[in-house]
Amino acid sequence: MLNSLHEEYRGIIEREQEKYHADFLKRKELVNNSTAIYNDRPVDFLYQGLFFSEEEFGELGNLLEEITAILEKVVREYKENPQFRKLFPFSPLMEELILLDPGYGVNFSMARFDIFYRNNGEHIFCELNTDGSSGMNEITIIQEVMEKSLAFAELKKNYEIKGFELFNSWLDVLLKNYREFSGGMGDRPNIAIVDFTGDGIIYEFRAFQKVFRERGYNTFICDPRELEYKGGKLYYKDNPINLIYRRATTMRIVEEAEDIGDFLSAYRDGAVCVIGGFVSQIIHNKALFAILHEDDKMDFLTEKEKEFIKKHIPYTAILDINDGEIINMLIAEKDQWIVKPLDQYAGRGVYIGRDFSTGEWEKIIKNLGNREYIYQEYIETPVMPMPNFAENKVSEDFGFLIGLYSYNYQLAGLYTRAGRKNIIGNISESFTIPNYICRKPE
């Protein structure tokens, strides 16, 4: 990141603390009255931005390109090698859905890959989210609110500051993949944003719906249980649906399979274009991190790609709760390990050894039960001083994660969460931080 600019920003805040504290309260009111809402409450944020040069953003794009090339090879091996498939903990139905061709050439149209950012470029991937990726609405609102702040007005005297556009660019991706699916047809598809009622972020769905409709596309927000398949077409309340932006997670789809037969039949028949094909589950499931570290299973990768994995992905393995040697090692070396469930999000079910006493940690490990977990090397979270005006602190150290939004394998924008605990997520503590590309005019 542009360390000199961050230092300059901090200096601006420290010189007139009361002025910027008052401005933070105004920004807070704007966000509280916006649609930046998660779990029925306004999203928390800090009076801070992260600033990147065009070169640094390009380097992150290269990082995304490198891991995407590896993941494409993994998907191809999964499709072609039945033995390789057995490494993944998928049910027969999930495997069937994964192997279905979505009808366009992208295996994960939207993803958000979270990293621990390192100034030396040795970034560490901590999460690969390709299933219901979210946050675009809240980051857009907070980005716009902060860009109009008094502190940013000072920065703009010397720098050009540009945020990220994540809505129209996503519609362009939807339409590109739909045209490939439909053989180049130039029609105006009816679009459905699909998730189970109560599961998704309705304010974000409405934000996407608004943009899509402004571009002239009929767009509906619906539950997959409301879809009806008849006469070779999929319908939502008598409206034919040509294109689905799937936000319902694959795990929930499999759980509710008996109640969404029409949706699944239409997908199997290729009667509807679903952006968010189920093949993305190969990447989303955390077993992948463990499989990538099984060198004898990765002979389809180059030596350079194997080195990339060792450098950028923490050592991970599947946890066998009946393996006494591994259990004893995890307990004895608790500060070095994290355990995570294979298919959860927002930090749910994640335990970090150094957050607990030896006795507490032993109890956690021995009571994981029959759920499927990985154990993973603990990586220090990067830390940065940021203003915490909500607690009257002009500077406090926050750990942070940066999410790389991938739209059809291209870096579309950034999403940052910050917190003061080892788990940064909505179950613990999470503040949204907007991101910008900055340059100094010549």
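Here the structure is a predicted model, which is why all the values come from computation and not from measurement.

Cut-offs applied
Residues numbered from 1 in each chain as written. Predicted model: local features only at pLDDT ≥ 70, side-chain atom pairs only at ≥ 80, totals over all residues. Heavy atoms only, no water. Helix = DSSP H or I, 4+ residues; strand = E, 2+ residues; numbered from the N terminus. Rg over C-alpha atoms; globule rule 2.2 N^0.38 Å. Buried < 20%, exposed > 50% of the residue type's maximum accessible area, 1.4 Å probe, protein only. Contact = heavy atoms within 4.5 Å. Areas by Shrake-Rupley, 256 points an atom, 1.4 Å probe, with all protein chains shown as cover. Lys, Arg positive; Asp, Glu negative; His and termini not counted. Charge placed at Lys NZ, Arg CZ, Asp CG, Glu CD. Pairing = 2+ DSSP bridges. Core = buried A, V, L, I, M, F, W, Y, C linked by side-chain atoms within 4.5 Å. Phe/Tyr/Trp six-rings, centres within 6.5 Å; stacked < 30°, edge-to-face > 60°. Lys NZ or Arg CZ within 6 Å of the ring centre and 35° of its normal. Axes fitted to C-alpha atoms, helices over the stretch in contact; angles between N-to-C directions. Polar contact = N/O pair within 3.5 Å; in protein donor to acceptor, adjacent residues only side chain to side chain. 1 Å grid on protein atoms, 1.4 Å probe; cavity = no way out; pocket = protein on both sides within 12 Å on 5 of 7 lines; lining within 4 Å. Points joined across faces, edges and corners; volume = space filled by probe spheres on them. Nonpolar A, V, L, I, M, F, W, Y, C, P; charged D, E, K, R; others polar. Salt bridge = Lys/Arg side-chain N within 4 Å of Asp/Glu carboxyl O. Left-handed = near helix turned anticlockwise from the far one by under 90°.

Caption draft 1: Looking closely at the overall build of the chain. Along the backbone of the chain there are 16 helices and 22 strands. The C-alpha atoms of the chain give a radius of gyration of 22 Å, which matches the 22 Å a tight globule of 442 residues would have. Overall size of the chain, expressed as C-alpha extent along the three principal axes, is 65 × 60 × 40 Å. Within the span of the chain, comprising 442 residues, buried residues form 57% of the whole. In the chain, 73% of the contacts between residues at least 6 apart in sequence involve partners at least 24 apart. When the accessible surface of the chain is summed, it comes to about 19,300 Å², and 44% of that surface belongs to carbon and sulfur atoms. Between the averaged position of the 52 positive side-chain charges in the chain and that of its 72 negative side-chain charges there is a distance of 4 Å.

Caption draft 2: Region of the structure containing the pairing of strand S12 (residues 243-246). On S12, burial covers both faces: Leu-243 and Tyr-245 on one face and Ile-244 and Arg-246 on the other are all buried. As defined by bridge partners, strand S7 (residues 191-194) adjoins S12 across 4 bridges and the pair is classed as parallel. Across the sheet, the residue bridging to Val-194 is Arg-246, located in S12.

Caption draft 3: Focus on the nonpolar core. With 107 residues, the main nonpolar core has Phe-113, Phe-125, Trp-170, Phe-212, Ile-244, Phe-263 and Ile-282 as its most contacted residues. For this core, the element with the highest residue contribution is helix H3 (residues 54-80), accounting for 10 residues.

Caption draft 4: Highlighting the sheet that holds strand S15 (residues 337-341). Strand order across the open sheet formed by 4 strands is S14-S17-S15-S16, with antiparallel pairing between neighbours. At either end of the open sheet lies a strand with only one pairing partner, and these are strand S14 (316-318) and strand S16 (351-352). Pairing of S14 with strand S17 (residues 373-377), which is carried by 3 bridges, proceeds in the antiparallel orientation. Bridge assignment links Ala-317 to a residue of S17, and that residue is Tyr-375.

Caption draft 5: Examining the packing of aromatic side chains more closely. Evaluated as defined, the whole model comprises 35 aromatic pairs. Relative to Phe-125, the ring of Phe-113 lies with its centre 6.4 Å away and its plane at 80°, an arrangement referred to as edge-to-face. Taken as a pair, Phe-113 in strand S4 (residues 110-116) and Phe-125 in strand S5 (residues 124-129) lie far apart in primary sequence, 12 residues in all. For Phe-113, a relative accessible area of 0% gives the class buried. According to the relative accessible area criterion, Phe-125 is buried, its value standing at 0%. Relative to Phe-356, the ring of Tyr-351 has its centre 6.3 Å away and its plane inclined at 55°; by these criteria the two rings are tilted. A network of ring pairs unites the aromatic residues Phe-167, Trp-170, Phe-208, Phe-212, Tyr-245 and Tyr-407 as a single cluster. Positioned over the ring face of Tyr-203 is Arg-206, at 5.7 Å from the centre of the ring. The ring of Tyr-235 is capped by Lys-230, whose NZ or CZ atom sits 5.0 Å from the centre of that ring.

Caption draft 6: Region of interest: the sheet that holds strand S22 (residues 435-439). Read from one edge of the open sheet, 3 strands run S3-S22-S6, paired in mixed fashion. Looking at the sheet topology across the chains shown, the edges are occupied by strand S3 (50-52) and strand S6 (160-162). Looking at each pair of strands side by side, their axes are set apart by 35° on average, direction ignored. Sheet topology note: the S3/S22 ladder contains 3 bridges and is parallel. Each residue of the ladder has a partner; that of Phe-51, found in S22, is Tyr-436. Across the sheet, helix H6 (residues 136-147) touches S6 and S22, and the angle it forms with S22 is around 45°.

Caption draft 7: Examining the side chain of Ser-109 more closely. Take Ser-109: it is sitting in the loop between helix H5 (92-99) and S4. Among the polar contacts listed, one links the side chain of Ser-109 to the side chain of Asn-177, at a separation of 3.1 Å.

Caption draft 8: Region of interest: empty space enclosed by the protein. A full pass over the atoms with the stated rule returns 3 cavities of 30 Å³ or more. Within this model, the largest cavity holds a volume of roughly 130 Å³. Looking at the largest cavity, it is lined by 15 residues, and the ones nearest its centre are Met-110, Thr-130, Gly-132, Arg-246 and Gly-276. In this structure, the second largest cavity occupies an estimated 60 Å³ of space. Considering the residues around the second largest cavity, the lining is formed by Cys-126, Glu-127, Leu-128, Ile-283, His-284, Asn-285, Lys-286, Phe-289 and Lys-340. Counting residues per element, the ones that place at least two in the lining of the second largest cavity are S5 and helix H12 (281-284). The element that contributes the greatest number of residues to the lining of the second largest cavity is S5, accounting for 3 residues. A per-class count over the lining of the second largest cavity returns 4 nonpolar, 2 polar and 3 charged.

Caption draft 9: Highlighting the pattern of salt bridges. All told, the structure shown has 33 salt bridges when counted by the stated rule. Residue Arg-268 is joined to Glu-96 by a salt bridge in which the shortest nitrogen-to-oxygen separation is 2.6 Å. Here Glu-96 lies in helix H5 and Arg-268 lies in helix H11 (residues 261-269), a separation of 172 residues in the sequence. On the basis of relative accessibility, which here comes to 37%, the residue Arg-268 falls in the partly exposed class. We note a salt bridge from Glu-429 to Arg-420, for which the minimum N-O separation is 2.5 Å.

Caption draft 10: Local environment of the packing of H3 against helix H14 (residues 303-312). At their nearest, the axes of H3 and H14 sit 11 Å apart, and the two run at 115° to each other. In the packing of H3 onto H14, the handedness of the crossing is left-handed. On the side of H3, the interface is formed by Leu-63, Glu-66, Ile-67, Ile-70 and Lys-73, while H14 contributes Glu-305, Phe-308, Ile-309 and His-312. Classifying every residue of the contact of H3 with H14 gives 5 nonpolar, 1 polar and 3 charged.

Shape descriptors only; they carry no functional weight alone.
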